[in-house]
Each structure stands twice: as C-alpha cells, then as structure tokens.
Amino acid sequence: MDRLKVLTDQDLLTVLGQLMVQDLLMDLGQLTVLGQLTVLGQLTVLGQLTVLGQLMVQGQLMVQGQLMVQGQLMVQGQLTVRGQLTVQDLLMVLGQLMVPGRLMVLGRLMVYY
C-alpha cells in the first residue's frame, strides 16, 4: 500500500494515495483525492469533492457542493449531491440517488432502488 500524504491549506485537503474513511464530516471547502477513496459508513463534505480515481461508498455520501469522479463511482446506500455530479466512468448506485443539480455521466449509469 502506498504511503498516505496529506497536504492541508486552511479549507483545502489533498490526499496523494488511497484514503479510507469511516463516519466523517469534512468541514472543508475542497477535498481532493489523487487515488482511490473508500467510505465505510457516512461521509459528508460541505464543499467540493474531487476523486481522481475510484470512489467506493458503503453507507451514505453527501456532498453539499460539486462531486467529480474521474474513475468509477460505486455506492451501496445513499448518494446525495447538492451541486453538479460528474462521473467519467461507471456510476453504480445500489440504493437512492438524489442530485438536485446537474448530473453528467460519461460512462454507464446503473441505479438499483
């Protein structure tokens, strides 16, 4: 497993490598993961979330701002994005998908509810 490097600058958090979180509230303006992000439980991001890899959620993901995933986004639970949701590969949701804003999927979209 790669070493985790975290760079912070007030309301910006950048992670180089793989990040696994469980029941976390990110009170940041922007969270960027350059690799894979795995969420076990609940993740709430009050700003923007960018994942330059794969995002896997087992639980609930809530993003108040924009969510952009350059790889696959797989959610087993609930996905809520208040701003724009952009997925450049597969978006698979086993549960509920709520996007009051704009939804852009450049790959396949699979939602089972």
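Just so it is clear, the structure is predicted and the values come from calculations on it, not from any experiment. (Residues numbered from 1 in each chain as written. Predicted model: local features only at pLDDT ≥ 70, side-chain atom pairs only at ≥ 80, totals over all residues. Heavy atoms only, no water.)

1. A look at the overall build of the chain
Per the secondary structure count, the chain includes 0 helices and 13 strands. From first element to last, N terminus to C terminus, the chain shows the α and β order β-β-β-β-β-β-β-β-β-β-β-β-β. Residue burial in the chain is summarised as follows: out of 113 residues, 39% are buried. Taking contacts inside the chain between residues at least 6 apart in sequence as the whole, the part at least 24 apart equals 0%. Of the accessible surface of the chain, which amounts to about 6000 Å², a share of 50% is contributed by carbon and sulfur atoms. (Helix = DSSP H or I, 4+ residues; strand = E, 2+ residues; numbered from the N terminus. Buried < 20%, exposed > 50% of the residue type's maximum accessible area, 1.4 Å probe, protein only. Contact = heavy atoms within 4.5 Å. Areas by Shrake-Rupley, 256 points an atom, 1.4 Å probe, with all protein chains shown as cover.)

2. A closer look at the environment of aspartate 89
With respect to the element layout, aspartate 89 can be found in the loop between β10 (85-87) and β11 (91-98). Aspartate 89 sits in the partly exposed class, given a relative accessible area of 34%. Linking aspartate 89 and glutamine 70, residues 19 residues apart in sequence, is a C-alpha distance of 6.8 Å. Apart from residues no more than four positions distant in its own chain, aspartate 89 is found in contact with Gly71, Gln72, Val105, Gly107 and Arg108.

3. What to know about the side chain of threonine 80
Structurally, threonine 80 can be placed in strand β9 (residues 73-81). Once residues within four sequence positions are removed from consideration, threonine 80 is found in contact with Leu61, Met62, Val63 and Met98.

4. Here's the deal with the confidence of the model for the chain
When the pLDDT values of the chain are averaged, the result is 82; 81% of them are 70 or greater. Element-level mean pLDDT values for the chain span from 52 in strand β1 (residues 5-9) up to 96 in β10. (pLDDT = per-residue confidence, 0-100.)

5. Observations concerning the pairing of strand β7 (residues 55-63)
Note: strand β5 (residues 37-45) against β7, 9 bridges, orientation parallel. Paired with glutamine 42 across the strands is glutamine 60, a residue of β7. In the sheet, β7 pairs with β9 via 9 bridges, with the strands oriented parallel. Across the sheet, residue leucine 61 finds its bridge partner in β9, namely leucine 79. (Pairing = 2+ DSSP bridges.)

6. Thoughts on a nonpolar patch on the surface
Residues Leu103, Leu109, Val111 and Tyr113 make up a contiguous nonpolar surface patch of roughly 450 Å² in combined accessible area. Among the secondary structure elements, leucine 109 is positioned in strand β13 (residues 109-112). For leucine 109, a relative accessible area of 46% corresponds to the partly exposed category. (Patch = residues over 30% accessible without salt bridge, like charges linked within 9 Å, V, L, I, M, F, W, Y side chains within 5 Å. Salt bridge = Lys/Arg side-chain N within 4 Å of Asp/Glu carboxyl O.)

7. With respect to the nonpolar core
In terms of nonpolar packing, the biggest core is built from 25 residues, with Leu37, Leu49, Leu55, Leu61, Leu67, Leu73 and Leu79 touching the most fellow members. Sequence-distant contacts of leucine 37, that is, excluding residues within four places in its chain, are made with Leu19, Leu43, Leu49, Val51, Gln54, Leu55 and Met56. (Core = buried A, V, L, I, M, F, W, Y, C linked by side-chain atoms within 4.5 Å.)

8. Observations concerning the side chain of threonine 50
Along the polypeptide, threonine 50 turns up in strand β6 (residues 48-51). Given a relative accessible area of 8%, threonine 50 falls into the buried group. Of note is the side chain of threonine 50, whose polar atom sits 3.1 Å from the side chain of glutamine 48. Look past the residues within four positions of threonine 50 in its chain and what remains in contact with it is Gln30, Leu31, Thr32, Val33 and Met68. (Polar contact = N/O pair within 3.5 Å; in protein donor to acceptor, adjacent residues only side chain to side chain.)

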